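# Survey of secondary and tertiary structure
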Amino acid sequence: LAQKYDPQKEAELRTWIESVTGQQIGPDFQKGLKDGVILCELMNKLQPNSVRKINRSAQNWHQLENLSNFIKAMASYGMNPVDLFEANDLFESGNLTQVQVSLLALAGMAKTKGLQSGVDIGVKYSEKQQRNFDEAKMKAGQCVIGLQMGTNKCASQSGMTAYGTRRHLYDPKNQILPPMDHSTISLQMGTNKCASQVGMTAPGTRRHIYDAKTGTEKCDNSSMSLQMGSNQGANQSGQVFGLGRQIYDPKYCPQGNQGEVANAACDQSGDPPGYHYYREEEET
């Protein structure tokens, strides 16, 4: 605490107190203010009749009483309790740094209240600017959203990838490939592999509700909707239904033409009734 004591501030306080009270403190700042007489005179200049009784006796308890009255007068003058000092801080030189801080705060309070002195010392307190709004004004302010809450003006999702896609970190130092194009679909977005539309009706077909209690008829599954396409202009030319498929293997079939082997197999097995094979006659 002793290292925080500022001799320059002491000189400024000395000049300010002497200019306000018109009395000399003396060469020793602490001893000149120890009895509390000059300090009580200072408070009476700042706020008249703030200290009504000033003891000029050399008795210790009289001097301590003067210091106590000065501290009470500073509190009534508007000083903050944290800026006050105790009587022993000055009387016994216990904490002269706190005494200096209190006197500087007192000079700032005097400047705030309009005291004119030849010494510019102390920091002026900020003035309170209180505003009073009517009830209608207060209710109207509740419907306004402050800009501190943010805004969605000019916001868009352009350039954003789908949710769940992986983030590609590109670092040429570690030989990481450049980012993938946005046309690539990650597996986290799902896949259509092994998917089928088995059992699904054509889009747009009506849904038939069958209820035996109400006598609703069953749905005709043989009807084909036009949305499923049309068979107009379709034919079955070139298609063979019911005929056996001949498999030719040279290991098990006799040597010869494939057509001859097939006809020979048919002759041996016997023709079914009402069915005839037609063979090409070989040219001799």
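You'll find the structure just up there.
About the thresholds
- Residues numbered from 1 in each chain as written.
- Predicted model: local features only at pLDDT ≥ 70, side-chain atom pairs only at ≥ 80, totals over all residues.
- Heavy atoms only, no water.
- Phe/Tyr/Trp six-rings, centres within 6.5 Å; stacked < 30°, edge-to-face > 60°.
- Lys NZ or Arg CZ within 6 Å of the ring centre and 35° of its normal.
- Helix = DSSP H or I, 4+ residues; strand = E, 2+ residues; numbered from the N terminus.
- Buried < 20%, exposed > 50% of the residue type's maximum accessible area, 1.4 Å probe, protein only.
- Polar contact = N/O pair within 3.5 Å; in protein donor to acceptor, adjacent residues only side chain to side chain.
- Contact = heavy atoms within 4.5 Å.

### Brief notes about the packing of aromatic side chains
Counting across every chain of the model gives one aromatic pair. Directly above the ring of F91 sits K34, whose terminal nitrogen or CZ lies 4.8 Å from the centroid. A cation over a ring is seen here: K113 above Y77, with NZ or CZ 3.9 Å from the ring centre.

### Examining the side chain of N95
Structurally, N95 is set in the loop between α5 (87-91) and α6 (96-112). Overall, N95 belongs to the buried group, its relative accessible area being 17%. Side-chain polar atoms of N95 contact the backbone nitrogen of Q98, separated by 3.2 Å. Excluding its chain neighbours within four sequence positions, the residues that come into contact with N95 are L1 and D89.

### Let's talk about the side chain of H62
If you trace the backbone, H62 turns up in helix α4 (residues 60-77). Here H62 falls in the buried class, since its relative accessible area comes to 16%. A polar side-chain atom of H62 sits 3.1 Å from a polar atom in the side chain of S57. Excluding residues that lie within four positions of it along the chain, H62 makes contacts with N55 and S57.

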